[in-house]
Amino acid sequence: MAGLTLKGIYKKYPGGVVAVSDVNLEIRDKEFIVLVGPSGCGKSTTLRMIAGLEEISEGELYIGDRLVNDIAPKDRDIAMVFQNYALYPHMTVFDNMAFGLKLRKVPKAEIERKVNEAAKILDLTHLLDRKPKAMSGGQRQRVALGRAIVRSPKVFLLDEPLSNLDAKLRAQMRTEIAKIHKKLGTTFIYVTHDQTEAMTMGDRIVCMKDGFVQQIDTPQNLYENPVNKFVAGFLGSPQMNFIDAELKEEYGQFIVEFGASNGRGNRYQIIVPESEVNEDLGSYVGKEIILGVRPESIHDEEMYLSNASTGVIDANVEITEMMGAETYLYLLCEGIPLTARVSPRSTARPGDDIKVAIDPNRIHIFDKETEKAIVN
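Structural notes, computed from the coordinates. The structure presented is a predicted model; accordingly, all values stated were derived computationally and were not measured.

**Topic: the sheet that holds strand β9 (residues 204-209)**
Here is step 1: Pairing is mixed across the open sheet formed by six strands, whose spatial order is β6-β7-β8-β3-β9-β10. On the outer flanks of this sheet lie β6 (78-81) and β10 (212-217), each paired with one strand and no other. With strand direction ignored, the average angle separating the axes of adjacent strands in the sheet is 15°.
Here is step 2: Together, β6 and β7 (155-159) form the strand contacts of helix α4 (residues 137-149), whose direction differs from that of β6 by roughly 170°.
Here is step 3: Each of β3 (32-36), β7 and β8 (187-192) is contacted by helix α5 (residues 167-184), which is oriented at about 160° to β8, the strand it contacts most.

**Section: the pairing of strand β4 (residues 58-63)**
Here is step 1: Two elements, strand β1 (residues 4-13) and β4, share five bridges in a ladder whose sense is antiparallel. Across the sheet, Tyr10 pairs through a bridge with Glu58, a residue of β4.
Here is step 2: As paired elements, β4 and strand β5 (residues 66-67) share two bridges and run antiparallel to each other. Looking at the pairing, Tyr62 lines up with Leu67 of β5.
Here is step 3: Hairpin connection between β4 and β5: a loop of two residues separates the two successive antiparallel strands, and Gly64 in this loop has a positive phi of roughly 65°.

**Quick word on the pattern of salt bridges**
Here is step 1: Taken as a whole and judged by the stated rule, the model has 20 salt bridges.
Here is step 2: Measuring nitrogen to oxygen at the nearest pair gives 3.6 Å for the salt bridge that ties Lys74 to Asp75.
Here is step 3: With a closest N to O distance of 3.1 Å, Lys248 and Glu257 form a salt bridge.
Here is step 4: Residue classification places Glu257 among the buried positions, given a relative accessible area of 10%.
Here is step 5: The network of salt bridges with common partners includes Glu246, Lys248, Glu257 and Arg267.

**Observations regarding α4**
Here is step 1: Here α4 spans 18 Å end to end across 13 residues, near enough to the 18 Å set by a 1.5 Å rise per residue.
Here is step 2: Burial within α4 is extensive, with eleven of its 13 residues counted as buried.
Here is step 3: For α4, the full list of buried residues reads Gly138, Gln139, Gln141, Arg142, Val143, Ala144, Leu145, Gly146, Arg147, Ala148 and Ile149.
Here is step 4: Lining the buried residues of α4 we find β6, α2 (93-103), α3 (108-121), β7 and α5.

**Considering the packing of α4 against α5**
Here is step 1: In contact at an axis separation of 11 Å, α4 and α5 are set at 20° when each is read in the N-to-C sense. One way to sum up the angle between α4 and α5 is to call them roughly parallel. Crossing hand, α4 versus α5: right-handed. Contacts between α4 and α5 involve Gly137, Gly138, Gln141, Arg142, Leu145 and Ile149 from the first element and Leu169, Met173, Ile177, Ile180 and Leu184 from the second.
Here is step 2: Split into classes, the residues belonging to the contact of α4 with α5 amount to seven nonpolar, three polar and one charged.

**Comments concerning the sheet that holds β5**
Here is step 1: The sheet built from four strands is open, its strands ordered β2-β1-β4-β5 with antiparallel pairing. Unpaired on one side and paired on the other, β2 (17-27) and β5 mark the two borders of the sheet.
Here is step 2: Against the sheet, helix α1 (residues 43-51) touches β1, β2 and β4, its axis set at about 115° to β1.

**A closer look at unusual backbone geometry**
Both trends apply: most residues other than glycine have a negative phi, and most peptide bonds are in trans.
Here is step 1: In this structure, Pro238 follows Ser237 across a cis peptide bond, with omega equal to -10°.
Here is step 2: Topologically, Pro238 is positioned in the loop between α8 (229-234) and β11 (241-250).
Here is step 3: Of note, Asp123 is a non-glycine position whose phi angle comes to about 60°, a positive value.
Here is step 4: Its place among the elements puts Asp123 in the loop between α3 and α4.

**Details of the environment of Lys133**
Here is step 1: Examined against the element boundaries, Lys133 turns out to sit in the loop between α3 and α4.
Here is step 2: When the C-alpha atoms of Lys133 and Asn164 are compared, they prove to be 15 Å apart, with 31 residues separating the residues in sequence.

**Considering the pairing of β10**
Here is step 1: One ladder, built from five bridges, connects β9 with β10; its direction is antiparallel. Each bridged residue has a counterpart across the sheet, and for Val206 the counterpart in β10 is Ile216.
Here is step 2: Where β9 folds back on β10, the antiparallel hairpin that results is connected by two residues, among which Asp210 adopts a positive phi of roughly 50°.

**Some remarks on the packing of aromatic side chains**
Here is step 1: Tallying each qualifying case throughout the model produces seven aromatic pairs.
Here is step 2: Between the aromatic rings of Phe32 and Tyr190, the centroid separation amounts to 5.8 Å while the plane-to-plane angle is 40°, which identifies the pairing as tilted. Of the two residues, Phe32 is situated in strand β3 and Tyr190 in strand β8; the sequence distance between them amounts to 158 residues. The exposure classification of Phe32 matches that of Tyr190, with both residues buried.
Here is step 3: Among the aromatic residues, those joined into a ring-pair cluster are Phe32, Phe156, Phe188 and Tyr190.
Here is step 4: Over the aromatic face of Phe242 sits the side chain of Lys229, whose NZ or CZ is 5.0 Å from the ring centroid.
Here is step 5: Just above the ring of Tyr223 sits the side chain of Arg294; from NZ or CZ to the centre is 3.9 Å.

Conventions used here
Residues numbered from 1 in each chain as written. Predicted model: local features only at pLDDT ≥ 70, side-chain atom pairs only at ≥ 80, totals over all residues. Heavy atoms only, no water. Pairing = 2+ DSSP bridges. Helix = DSSP H or I, 4+ residues; strand = E, 2+ residues; numbered from the N terminus. Axes fitted to C-alpha atoms, helices over the stretch in contact; angles between N-to-C directions. Contact = heavy atoms within 4.5 Å. Salt bridge = Lys/Arg side-chain N within 4 Å of Asp/Glu carboxyl O. Buried < 20%, exposed > 50% of the residue type's maximum accessible area, 1.4 Å probe, protein only. Expected span 1.5 Å × (residues − 1). Parallel < 35°, antiparallel > 145°, perpendicular 65-115°, else oblique. Left-handed = near helix turned anticlockwise from the far one by under 90°. Nonpolar A, V, L, I, M, F, W, Y, C, P; charged D, E, K, R; others polar. Phe/Tyr/Trp six-rings, centres within 6.5 Å; stacked < 30°, edge-to-face > 60°. Lys NZ or Arg CZ within 6 Å of the ring centre and 35° of its normal.

This is the structure in structure tokens:
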């Protein structure tokens, strides 16, 4: 088994295009780590450099204690699962899974044992004689995983493996892959643009943008303590609300103020709880800031409204989305669009003027210029 170390990794293409900049990452043995970010952020390029399919322009890559920059992909003891499965259509499931072992001249009895073991883990035993075209997308995806498992690699690399599946199957396969990781006890590096996959599967998440690593942390920490506005907005569904605001200080309290700026509408205030106040906050008094509020921190229940001493605002309901276990309210407050995630028992309907309470203990404040987090 092996951990990985990426030290100052860059990928530069001719013409001065830098796809990946200064990636420093320690991946522990048996860890499930997820690289997440929008299209073009460099996550797949980073994975392909680990695999040896892309040359590293600068920096060092270690698998275990071995520097592998100049080592061929086949000698790195890794297995990669691609988005398009890349199965041989003319071969049975058994032959697809056994192909890599046959190339390595593994004895026939051992090939049979390994393929049967992997098929059992992946619930493919009854499909070993089938060809890929007679199988569903989810079954083909499991075959592609099986082909990687039989090689018993030190590291599994998975590049958006679920993006071709429908929503229900994706949810099932997320669980399957997490179970496989636990059974195999191997290092998994998983690339996705889907923040739900990242949040539910990873021990740690590497959040990337424009070739740079923004933050590396556990899913919970990334969600609760994002280092900047990009990470805050990328993780979470529906995404965080961002409101242009101003920071004031009155009677020793810090107050976030937002709303109508032309004097013709309401201005609203949220008192920053003492527990959230830090030494940086004072330097922002009198300045414009960005207030971040997650949809689940906006409440329309009477219990919240009657107990709220700060952060109660008036809003107009534009759209409601009934999601079963919850309801999304799309609101407009002094021209500011807001999304609230409320109880399915909410009586709010499109066109209603309602009051909602923002939980002051759950607010985030960002620097308007640098977009770095000041308060989480």
